[in-house]
Amino acid sequence: MERKLRIVQYGCGKMSKYTMRYVYEKGAEIVGAIDINPAVVGKDIGSIMECEDKGVVVTHADNARELLAELKPDACIVTTMSLLSDLEVPLMLCAELGINAISTCEEAFFSWNSNPNLTAKIDKLARENNCTITGSGYQDIYWGQLVTSIAASTHKITKIIGESWYNVEDYGIALAEAHGAGLTLAEFDEKIASVDRMSAEERQALIDGGTYAPSYMWNVNGWLCEKLGLHAVSQSQQCVPETYKEDINSSTLGMVVKAGDATGMSAVVTTETEEGITLETKCVGKVYAPDEFDVNEWTIVGEPETTVTVQRPATVELTCASVVNRLPDLIMAQPGFVPTADMGDLQYRVKPLNEYVK
């Protein structure tokens, strides 16, 4: 493509500061921005990016249809919520208008195994209007491609074990609340952990009804199975509260999390496959204590056994860079709700993004 890619930013919170800057620095441009927060609506996106004005003012989400229909961008970057049901309006709107969309929504990474009916609904509309919807971010590499690359160098695999830590302070209030941060242990048990005590049949009923709230590794395991050609026969998860011995201030929650209350949670997802390979993956998201930091560690158990550890990854920036580097893949992908597992490996972009679009 000879001209610059034209991108709309949907959601102008913490992540957009990086996604928008990275879009510009990769030779594309932001032509529109959308949010519901009165603190940013009406402001130039330069104030969010902490740079000079860009001549693009944030539009209220109530006017998203008119803006998107007028601009007809090459793609829309959606950085708002973590559950697919919360993104039904913007993703269905993009699908209806024939606009490619990529989201940091963790469930959108592989929502076919947690909310298949809504995924299929978006997929159908996107196919009809010849556009692509997908989810990407940190998990695209560090919970996905990194793991499958290690697997590709392994002779025999019996188990895949993964664990990743991240600070909920970095991602906004919706993510922090989804992890139970700030709840008492009794509240955590009632609102979050109780879901794990249901039967597989009860869980499937929630999934079919679109009301299941998966932990992030639930969708990652689905993505890994898709990429590796595995077929899941069962999957379960267990969410456990994380606590700390002292009070911790949370600027995101706007409160002090009391000692002994939930600072967040760890969630373990176990998947058994027809091929005999077990996936046991764990994500730990919480308000960090002063001595805690991000860690990402994966072990391929088999012949040979390999462990890869990434300490102190810049999770927010890596998330945003992955999304922006995926834009050419998004634009060139087949229409529908397509997981990045079906788009090929993510590549570093040396040239302007439009030069990768054929």
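Residues numbered from 1 in each chain as written. Predicted model: local features only at pLDDT ≥ 70, side-chain atom pairs only at ≥ 80, totals over all residues. Heavy atoms only, no water.

Caption draft 1: Region of interest: the nonpolar core. Counting 77 residues, the largest nonpolar core has Trp143 and Leu327 as its most contacted members. Once residues within four sequence positions are removed from consideration, Trp143 is found in contact with Tyr138, Ser164, Tyr166, Tyr216, Met217, Val220, Leu224, Cys283, Asn296 and Trp298. Formed by 29 residues, the second largest nonpolar core is a distinct cluster that contains Leu87, Ala101, Ala126 and Cys131. (Core = buried A, V, L, I, M, F, W, Y, C linked by side-chain atoms within 4.5 Å. Buried < 20%, exposed > 50% of the residue type's maximum accessible area, 1.4 Å probe, protein only. Contact = heavy atoms within 4.5 Å.)

Caption draft 2: Geometry of the pairing of strand E5 (residues 100–103). The alternating pattern of E5 places Asn100 and Ile102 on one face and Ala101 and Ser103 on the opposite face, and all of these are buried. By the bridge criterion, 4 bridges tie strand E4 (residues 75–78) to E5 in an arrangement that is parallel. Of the residues in E5, the one forming a bridge with Ala75 is Asn100. Remark: the E4/helix H4 (residues 88–97)/E5 crossover connection has right-handed handedness. Bridge analysis of E5 against strand E6 (residues 132–135) gives 3 bridges, and the strand direction is parallel. Directly across from Ile102, in E6, lies its bridge partner Thr134. The parallel pair E5 and E6 is bridged by helix H5 (residues 116–128), and the resulting crossover is right-handed. (Helix = DSSP H or I, 4+ residues; strand = E, 2+ residues; numbered from the N terminus. Pairing = 2+ DSSP bridges. Right-handed = clockwise from strand over helix to strand, strands pointing away.)

Caption draft 3: Structural view of the sheet that holds strand E11 (residues 264–273). Reading across from one edge, E8-E11-E12-E7-E13-E14 is the order of the 6 strands in this open sheet, with mixed pairing throughout. Looking along the sheet, the strands with just one partner apiece sit at the ends: strand E8 (232–242) and strand E14 (306–311). Along the sheet, successive strands turn relative to each other by an average axial angle of 10°, direction set aside. Bridge analysis of strand E13 (residues 295–303) against E14 gives 6 bridges, and the strand direction is antiparallel. By the bridge assignment for E14, Asn296 is matched with Val310. (Axes fitted to C-alpha atoms, helices over the stretch in contact; angles between N-to-C directions.)

Caption draft 4: The packing of helix H6 (residues 138–152) against helix H10 (residues 216–228), seen in detail. The interhelical angle for the contact between H6 and H10, taken along N-to-C directions, is 40°, at an axis separation of 10 Å. Seen from above, H6 lies across H10 with right-handed handedness. Taking contact as the criterion, the partners of Gln139, Asp140, Trp143, Gly144, Gln145, Val147, Thr148 and Ala151 in H6 are, on H10, Tyr216, Met217, Val220, Trp223, Leu224, Lys227 and Leu228. When its residues are assigned to classes, the contact of H6 with H10 shows 9 nonpolar, 4 polar and 2 charged. (Left-handed = near helix turned anticlockwise from the far one by under 90°. Nonpolar A, V, L, I, M, F, W, Y, C, P; charged D, E, K, R; others polar.)

Caption draft 5: Quick peek at the sheet that holds E4. Ordered in space as E3-E2-E1-E4-E5-E6-E15, the 7 strands form an open sheet in which the pairing is parallel. Taken across any chain shown, the strands that pair with only one partner, and hence form the sheet edges, are strand E3 (58–60) and strand E15 (336–337). Where E6 meets E15, 2 bridges bridge the pair, whose relative direction is parallel. Note that in E15 the partner of Ile133 across the bridge is Phe337. Docked against the sheet, H4 engages strand E1 (6–10), E4, E5 and E6, running at close to 150° with respect to E6.

Caption draft 6: Structural context of the packing of helix H1 (residues 16–25) against helix H11 (residues 315–325). One way to put it is that H1 packs onto H11 with a least axis distance of 9 Å and a crossing angle of 45°. By the angle between their directions, the pair H1 and H11 is classed as oblique. Crossing hand, H1 versus H11: right-handed. The segment H1 lies against H11, with Tyr18, Thr19, Tyr22 and Val23 engaging Val316, Glu317, Cys320, Ala321 and Val324. Of the residues contributing to the contact of H1 with H11, the split by class is 7 nonpolar, 1 polar and 1 charged. (Parallel < 35°, antiparallel > 145°, perpendicular 65-115°, else oblique.)

Caption draft 7: Main features of H11. Counting buried residues along H11, 8 of its 11 residues qualify, which places the element largely inside the surrounding structure. Taken together, the buried positions of H11 are occupied by Thr315, Val316, Thr319, Cys320, Ser322, Val323, Val324 and Asn325.

Caption draft 8: Region of interest: the packing of aromatic side chains. Per the counting criterion, the structure on display carries 8 aromatic pairs. Ring plane angle 55° and centroid distance 6.1 Å describe the contact between Tyr18 and Tyr22, whose orientation is recorded as tilted. You can see Tyr18 and its partner Tyr22 sitting in helix H1, 4 residues apart, about one turn around the helix. Judged by its relative accessible area of 18%, Tyr18 falls in the buried class. Residue Tyr22 is classed as buried on the basis of its relative accessible area of 15%. Taking 5.2 Å as the distance between ring centres and 65° as the angle between the ring planes, the aromatic pair formed by Tyr212 and Trp218 counts as edge-to-face. Note on Tyr212: relative accessible area 4%, which makes it buried. Put simply, the rings of Tyr138, Tyr142, Trp143, Tyr166, Tyr171 and Tyr216 touch in pairs and so form one group of aromatic residues. The cationic tip of Arg312 hangs over the ring face of Phe293; the distance from NZ or CZ to the ring centre is 3.8 Å. It is Lys351 that lies over the ring of Tyr356; its NZ or CZ is 5.3 Å from the centre. (Phe/Tyr/Trp six-rings, centres within 6.5 Å; stacked < 30°, edge-to-face > 60°. Lys NZ or Arg CZ within 6 Å of the ring centre and 35° of its normal.)

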